[in-house]
Amino acid sequence: MMAATASPHRAVVGAAAVLITVTVAGGSLAGCDSQAGSATSSSPRQVTVIGSGQVQGAPDTLTAQVGIEVVAPDATAAMNQTSDRQRAVIDSLTAGGTDAKDISTTGVNLQPQYGENSTVTGYRAANTISVRVRDLDAAPGTLATIIDAGGDATRINSVSFSIEDDSKLLSDARTKAFEDAKGRAQQYAELSELSLGTIISISETPGGGPPMPVPMPRADAMAAVPLEPGEQTVSFSVTAIWELT
């Protein structure tokens, strides 16, 4: 006869898939020879679980991806006009209280424009900056400042919300993930008629990826846009292994 071992189980809790592997090796079954019993009793008895934890927090920062785009007959004119408009936007932002360290260039682009017979008809220049707004109440006014300074050349490509300091949320999510893992391990120990022993290893995986950007209309189609940050989820996954005794 062969020694009995439990097979892996897969369970789904809520929206998260949980992989649980339980290895239980007991003594040999009646009728097994002494060699089989010895091999089985030396096998490790442990339970491996994946626990997850999530907490919600209110975003406190907005990041806008803002571009200036100009088409002109030649490359120099296109670049100069784009640079002038972008400088006007940056100057207006800093004059309005935006810290210079919260403004960064994210892209510079110059492309020829083609007409019939693949002839060059002009050049399109684009300059993109990222603007971080740390006071959400000021965000609509900041966007209005950008549009006023950039005029019809303004392109607000997207806005996204984030939590500047999420260390407390991460700590809470980590605690919940470990408690979830331990609760699962305890349940499997009881189902196996064993006790949960010493923890062998812990590994963690942070979750809750970067916030998805929200597309914004171009300046000529934009009215007063209400900005609602909502809530963001910070999540953590923990893989832990316990001995079974």
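Scroll up for the structure.
From a predicted model like this one, the values you see are computed outputs, not experimental measurements. Numbering of residues begins from 1 in every chain and follows the order in which that chain's sequence is written. Note on the predicted model: pLDDT of at least 70 is required for a residue's local features to be given, and 80 or more for side-chain atom pairs to be given and counted; whole-chain, interface and lining totals, by contrast, use all residues. As a convention, hydrogens and water are excluded, and side-chain values are obtained from all of the structure's heavy atoms.

It is worth spelling out the overall build of the chain at this point. Put simply, DSSP H or I for four residues or longer makes a helix, DSSP E for two residues or longer makes a strand, and each gets a number counted from the N terminus. A count of helical and extended segments in the chain gives four helices and ten strands. Counted from the first residue to the last, the chain has its helices and strands arranged as β-β-α-β-β-α-β-β-α-β-α-β-β-β. Note on classification: 1.4 Å probe, protein chains only; a residue is buried when its accessible area is under 20% of the maximum for its type, exposed when over 50%, partly exposed between these limits. Split into buried and exposed, the 245 residues of the chain put 33% on the buried side. For the chain, the share of sequence-separated contacts (at least 6 apart) that also reach a separation of at least 24 residues comes to 80%. Only heavy atoms enter the contact rule, under which two residues are in contact if any of them lie within 4.5 Å.

Its place among the elements puts Arg-155 in strand 7 (residues 154-162). Despite its burial, Arg-155 remains without a salt bridge, the nearest opposite charge being carried by Glu-69 at 4.2 Å. Here a polar contact is taken to be a pair of N or O atoms separated by no more than 3.5 Å, where protein atoms must pair a possible hydrogen donor with a possible acceptor and residues adjacent in sequence count only if both atoms sit in side chains. Among the polar contacts made by the side chain of Arg-155, one reaches the main-chain carbonyl oxygen of Asp-152 at a distance of 2.8 Å. By the counting scheme adopted, Arg and Lys are positive, Glu and Asp are negative, and His together with the chain ends is not counted. Note on definitions: salt bridges are taken to be side-chain nitrogens of Lys or Arg within 4 Å of carboxyl oxygens of Asp or Glu.

Relative to the assigned elements, Ala-88 resides in helix 2 (residues 75-95). On a C-alpha basis, the gap between Ala-88 and Gly-150 in space is 6.9 Å, while along the polypeptide they are 62 residues apart.

So, on to the nonpolar core. Each nonpolar core is a collection of buried residues, namely Ala, Val, Leu, Ile, Met, Phe, Trp, Tyr and Cys, held together in the definition by side-chain atoms within 4.5 Å. Leu-62, Val-89, Leu-93, Ile-129, Val-131 and Ile-146 are the most contacted members of the largest nonpolar core, which has 21 residues in total. Looking at this core, the elements that each hand over two or more residues are strand 4 (61-72), helix 2, strand 6 (120-133), helix 3 (139-150) and strand 7. Judged by nonpolar contacts, the second largest core, of eleven residues, contains Val-47, Val-49, Tyr-188 and Leu-244.

Here we take up the pattern of salt bridges. According to the stated counting rule, one finds seven salt bridges in the structure shown. Across the pair Glu-204 and Arg-174 runs a salt bridge, and its minimum N-O distance is 3.1 Å. In this pair, Glu-204 is assigned in strand 8 (residues 196-206) and Arg-174 in helix 4 (residues 167-191), connecting sequence segments 30 residues apart. Overlapping salt bridges, with partners in common, bring together Asp-102, Arg-134 and Glu-164 in one network.

Another aspect to go through is the packing of helix 2 against helix 3. Helix axes are fitted to C-alpha atoms over the stretch in contact, other axes to C-alpha atoms as well, and angles between N-to-C directions run from 0 to 180 degrees. Relative orientation of the contacting elements helix 2 and helix 3 amounts to 145°, with a least axis distance of 8 Å. The interaxial crossing formed by helix 2 with helix 3 has right-handed handedness. Here helix 2 contributes Arg-85, Ala-88, Val-89, Ser-92 and Leu-93 to the contact with helix 3, which in turn contributes Thr-142, Thr-145, Ile-146, Ala-149 and Gly-150. Charged residues are taken to be Asp, Glu, Lys and Arg, nonpolar residues to be Ala, Val, Leu, Ile, Met, Phe, Trp, Tyr, Cys and Pro, and polar residues to be all remaining types, Gly included. Class assignment for the residues of the contact of helix 2 with helix 3 results in five nonpolar, four polar and one charged. Should the near helix be turned anticlockwise from the far one by less than a right angle, the crossing is termed left-handed; should it be turned clockwise, right-handed.

Looking at the secondary structure, you find Thr-63 in strand 4. Given a relative accessible area of 14%, Thr-63 falls into the buried group. If near-sequence neighbours (up to four positions away) are discounted, Thr-63 is found in contact with Ser-130, Val-131, Arg-132, Ser-158, Val-159 and Ser-160.

Right, let's talk about the packing of aromatic side chains for a bit. Whether two aromatic rings pair depends on their centres lying within 6.5 Å, for rings of Phe, Tyr and Trp, where Trp uses its six-membered ring; planes under 30 degrees apart make the pair stacked, over 60 edge-to-face, and the rest tilted. Applying the stated rule across the entire model yields one aromatic pair. Between the aromatic rings of Phe-178 and Trp-242, the centroid separation amounts to 5.8 Å while the plane-to-plane angle is 45°, which identifies the pairing as tilted. With Phe-178 in helix 4 and Trp-242 in strand 10 (residues 232-244), the pair connects residues that are 64 residues apart, well separated along the chain. For Phe-178, a relative accessible area of 29% translates into the label partly exposed. Remark: a charge is flagged as sitting over a ring if the NZ atom of Lys or the CZ atom of Arg is within 6 Å of the ring centre and within 35 degrees of the ring normal. If you follow Arg-174 out to its NZ or CZ, it ends over the ring of Phe-236, 4.7 Å from the centre.

One non-glycine residue, Ser-118, lies in the positive phi region at around 60°. Residue placement: Ser-118 occurs in the loop between strand 5 (103-114) and strand 6.

Relative to the 16 Å expected for twelve residues at 1.5 Å per residue, helix 3 spans 17 Å between its end C-alpha atoms, a close match to the ideal helical length. Taken together, the buried positions of helix 3 are occupied by Ala-139, Thr-142, Leu-143, Ile-146, Ile-147, Ala-149 and Gly-150. If you follow the buried residues of helix 3, they end up packed against strand 4, helix 2, strand 6 and strand 7. Any helix carries an expected span of 1.5 Å times its number of residues minus one.

Take the pairing of strand 7 next. Among the nine residues of strand 7, seven are classified as buried, and the element is accordingly described as predominantly covered. The sheet contact formed by strand 4 and strand 7 spans eight bridges and is antiparallel. Paired with Gly-67 across the two strands is Arg-155, which belongs to strand 7. If DSSP finds at least two bridges between two strands, the strands pair.

So, to be careful, I would describe these as geometric facts and stop short of saying anything about function.
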